[in-house]
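# Secondary and tertiary structure notes
Residues per chain are reported as follows:
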Amino acid sequence: MIEVTAGIIQNASKKVLITRRKAGKHLAGFWEFPGGKIEADETPEVCLAREIMEELNIGISVRSHFMDSTYDYDTKSICLKGYLADYLEGDIILTDHDQYKWVAQSELSKYEFAPADIPIVKKLMHDLELPRDIKKLKSLAKELL
Ligand SMILES: Nc1nc2c([nH]c(=O)n2[C@H]2C[C@H](O)[C@@H](COP(=O)(O)OP(=O)(O)OP(=O)(O)O)O2)c(=O)[nH]1
Ligand SMILES: [Mg+2]
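Model, not experiment: these values are computed from the prediction. (Residues numbered from 1 in each chain as written. Chains lettered and ligands numbered in written order. Predicted model: local features only at pLDDT ≥ 70, side-chain atom pairs only at ≥ 80, totals over all residues. Heavy atoms only, no water.)

### Some words on the coordination of the magnesium ion (ligand 2)
Bound to the magnesium ion (ligand 2) are the protein donor atoms G35 (O) and E55 (OE), situated 2.1 to 2.2 Å from the metal. With G35 in strand 4 (residues 35-37) and E55 in helix 1 (residues 44-56), this pair connects stretches of sequence that are 20 residues apart. Residue classification places G35 among the buried residues on the basis of a relative accessible area of 10%. The class for E55 is buried, based on a relative accessible area of 8%. (Donors = N, O, S within 2.8 Å, 3.2 Å for Na, K, Ca; no water. Helix = DSSP H or I, 4+ residues; strand = E, 2+ residues; numbered from the N terminus. Buried < 20%, exposed > 50% of the residue type's maximum accessible area, 1.4 Å probe, protein only.)

### Points about the pairing of strand 2 (residues 16-21)
Of all six residues that make up strand 2, five are buried, and the element is covered over most of its length. Examined bridge by bridge, strand 2 and strand 7 (residues 97-103) share six bridges and lie antiparallel to one another. Note on strand 7: the bridge partner recorded for I18 is K101. (Pairing = 2+ DSSP bridges.)

### Comments concerning the site of ligand 1
Near ligand 1 you find 20 residues, and of these H26, F33, K37, Y73 and D117 are the closest. One nitrogen or oxygen atom from the side chain of E32 is found 3.0 Å from a nitrogen atom belonging to ligand 1. In this structure, a nitrogen atom belonging to ligand 1 sits 2.7 Å away from a main-chain N or O atom of F33. For ligand 1, whose free accessible area comes to 620 Å², the fraction covered by protein is 84%. In this structure the site holding ligand 1 corresponds to the largest pocket. Elements with a minimum of two residues in the shell around ligand 1: strand 1 (2-10), strand 4, helix 1 and strand 6 (77-89). By residue number, the principal contributor to the shell around ligand 1 is strand 4, which donates three residues. A class-by-class count of the residues in the shell around ligand 1 yields eight nonpolar, four polar and eight charged. (Near = heavy atom within 4 Å. Polar contact = N/O pair within 3.5 Å; in protein donor to acceptor, adjacent residues only side chain to side chain. Areas by Shrake-Rupley, 256 points an atom, 1.4 Å probe, with all protein chains shown as cover. 1 Å grid on protein atoms, 1.4 Å probe; cavity = no way out; pocket = protein on both sides within 12 Å on 5 of 7 lines; lining within 4 Å. Sits in = over half its atoms within 2 Å of the grid points. Nonpolar A, V, L, I, M, F, W, Y, C, P; charged D, E, K, R; others polar.)

### Looking at the packing of aromatic side chains
The final tally for this structure, using the stated rule, is four aromatic pairs. Seen in terms of ring centroids, Y87 and W102 are 5.9 Å apart; in terms of plane orientation they differ by 80°. Their pairing is edge-to-face. Taken together, the positions of Y87 in strand 6 and W102 in strand 7 put the pair 15 residues apart, joining distant regions of the chain. For W102, a relative accessible area of 25% gives the class partly exposed. Against the face of F66 rests K123, its NZ or CZ located 5.0 Å from the ring centre. (Phe/Tyr/Trp six-rings, centres within 6.5 Å; stacked < 30°, edge-to-face > 60°. Lys NZ or Arg CZ within 6 Å of the ring centre and 35° of its normal.)

### Observations regarding the UniProt feature "binding site: 8-oxo-dGTP" (unreviewed entry) in the chain
The UniProt entry lists R21, H26, E32, F33, P34 and G35 under the feature "binding site: 8-oxo-dGTP" (unreviewed entry), expressed in the numbering used here. Of the annotated residues named above, the ones that line the largest pocket are R21, H26, E32, F33, P34 and G35. With respect to the helices and strands, H26 occurs in the loop between strand 2 and strand 3 (31-32). In this view, H26 contacts R21, Y73, T75 and K76; residues no more than four positions away in its chain are not counted. For E32, the position within the fold is in strand 3. (UniProt positions renumbered as here; feature names shortened; annotations may be inferred. Contact = heavy atoms within 4.5 Å.)

What follows is the structure, encoded as structure tokens:
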């Protein structure tokens with residue numbers, strides 16, 4: 001099982017950074033949360049900050065673990081470790097990707113993500129709906145009282 005970190009990186013306006021894997025790479029053309037393989041003796045947090053600087057030239061601050069998603073591809077199994085992070089500094093320079101986008105969390109489902117990312121995208125969209133559900137419950141409770 002290959003352990004891979006993936007950053008759900010948010011900017012000041014709460015948009016999330018997604019990147020498209022370039023031609024020649026495994027899963028070329030699919031969108032992903034940028035990151036990469038964890039090296040020996042490296043924590044996921046250190047790995048993610050290193051990968052994001054190497055691949056995108058930007059500084060981030062890793063906030064917290066979001067969720068893991070395991071997936072068996074034909075040639076390998078990966079454990080994708082999703083972490084929430086904040087964008088800090090730098091202009092994006094692409095090396096492993098041919099496109100990047102800052103998107104609202106509610107728009108994530110419009111993009112074709114790598115299969116291992118789908119559960120993470122689903123959870124992000126679901127979490128977004130929670131506050132609305134709570135509002136609905138509150139107004140229902142008021143009606144009943
Ligand atoms: N970084 C990243 N990789 C993902 C995601 N979803 C997904 O299936 N993968 C797969 C693609 C690769 O087969 C595997 C490793 O990711 P990677 O290619 O970014 O690894 P890396 O940066 O260390 O790159 P390399 O040295 O292998 O070229 O994980 C994702 O959201 N982010
Ligand atoms: Mg990578």
